[in-house]
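Summary of the model geometry
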Amino acid sequence: PRPDATLVAAVADRRDPAAFAALVRRHAGLVWAVCRRVAADPDAAEDSFQAVWLVLARKAGVVCPRHSLGGWLHRTAVH
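Definitions and limits used
- Residues numbered from 1 in each chain as written.
- Predicted model: local features only at pLDDT ≥ 70, side-chain atom pairs only at ≥ 80, totals over all residues.
- Heavy atoms only, no water.
- Buried < 20%, exposed > 50% of the residue type's maximum accessible area, 1.4 Å probe, protein only.
- Helix = DSSP H or I, 4+ residues; strand = E, 2+ residues; numbered from the N terminus.
- Contact = heavy atoms within 4.5 Å.
- Patch = residues over 30% accessible without salt bridge, like charges linked within 9 Å, V, L, I, M, F, W, Y side chains within 5 Å.
- Areas by Shrake-Rupley, 256 points an atom, 1.4 Å probe, with all protein chains shown as cover.
- Salt bridge = Lys/Arg side-chain N within 4 Å of Asp/Glu carboxyl O.
- Lys, Arg positive; Asp, Glu negative; His and termini not counted.
- Charge placed at Lys NZ, Arg CZ, Asp CG, Glu CD.
- Phe/Tyr/Trp six-rings, centres within 6.5 Å; stacked < 30°, edge-to-face > 60°.

1. Section: helix 1 (residues 4–14)
Those residues of helix 1 that fall on the buried side of the exposure criterion are Asp4, Leu7, Val8, Ala9, Ala10 and Val11. The elements touched by buried residues of helix 1 are helix 2 (17–38) and helix 4 (69–78). One or two residues past the end of helix 1 sits arginine 15, with phi positive at roughly 55 degrees.

Here is the structure:
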């Protein structure tokens, strides 16, 4: 498996859909758990879950450091 930093770079630099899908598969459990914990309503949690991935798709280039994607996703989901 490719490291997070490599996948984030591929998403940021080339909009690589395979790299994005790999990141979603790898971190979906974490993001979902945070969204469920923060949002009392299941529909709000689902909306938040999807929003986190939209933010990553748009702002992959600002993830810093790239090897700490899990922390970045966690902070994004909380906010």
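The rest of the description comes next.
2. So, the side chain of histidine 27
Structurally, the position occupied by histidine 27 is in helix 2. With a relative accessible area of 10%, histidine 27 lands in the buried category.

3. Describing a negative patch on the surface
A grouping of Asp41, Asp43, Glu46 and Asp47 is seen on the molecular surface, where their side chains present a negatively charged patch. Turning to its location among the elements, aspartate 41 is positioned in the loop between helix 2 and helix 3 (42–59). Of the residues examined, aspartate 41 reaches a relative accessible area of 39% and is grouped as partly exposed.

4. Describing unusual backbone geometry
For the bond from cysteine 64 to proline 65, the omega torsion is -10 degrees, close enough to zero to count as cis. Along the chain, the position of proline 65 falls in the loop between helix 3 and helix 4. The backbone of arginine 15 shows a phi angle near 55 degrees, a positive value even though the residue is not glycine. Among the secondary structure elements, arginine 15 is positioned in the loop between helix 1 and helix 2.

5. A closer look at the packing of aromatic side chains
The geometry of an aromatic ring pair comes down to the distance between the two centres and the angle between the two planes. Under the criterion given, the structure shown has three aromatic pairs. Seen in terms of ring centroids, phenylalanine 20 and tryptophan 53 are 6.4 Å apart; in terms of plane orientation they differ by 85 degrees. Their pairing is edge-to-face. Note that phenylalanine 20 is positioned in helix 2 and tryptophan 53 in helix 3, a separation of 33 residues in sequence. The exposure class of phenylalanine 20 is partly exposed, given its relative accessible area of 21%. Among the residues examined, tryptophan 53 registers a relative accessible area of 7% and is labelled buried. Ring centres 5.6 Å apart and planes at 90 degrees place the aromatic pair tryptophan 32 and phenylalanine 49 in the edge-to-face group. Of the two residues, tryptophan 32 sits in helix 2 while phenylalanine 49 sits in helix 3, which places them 17 residues apart along the sequence. Aromatic rings pair up to connect Phe20, Trp32, Phe49 and Trp53 into one cluster.

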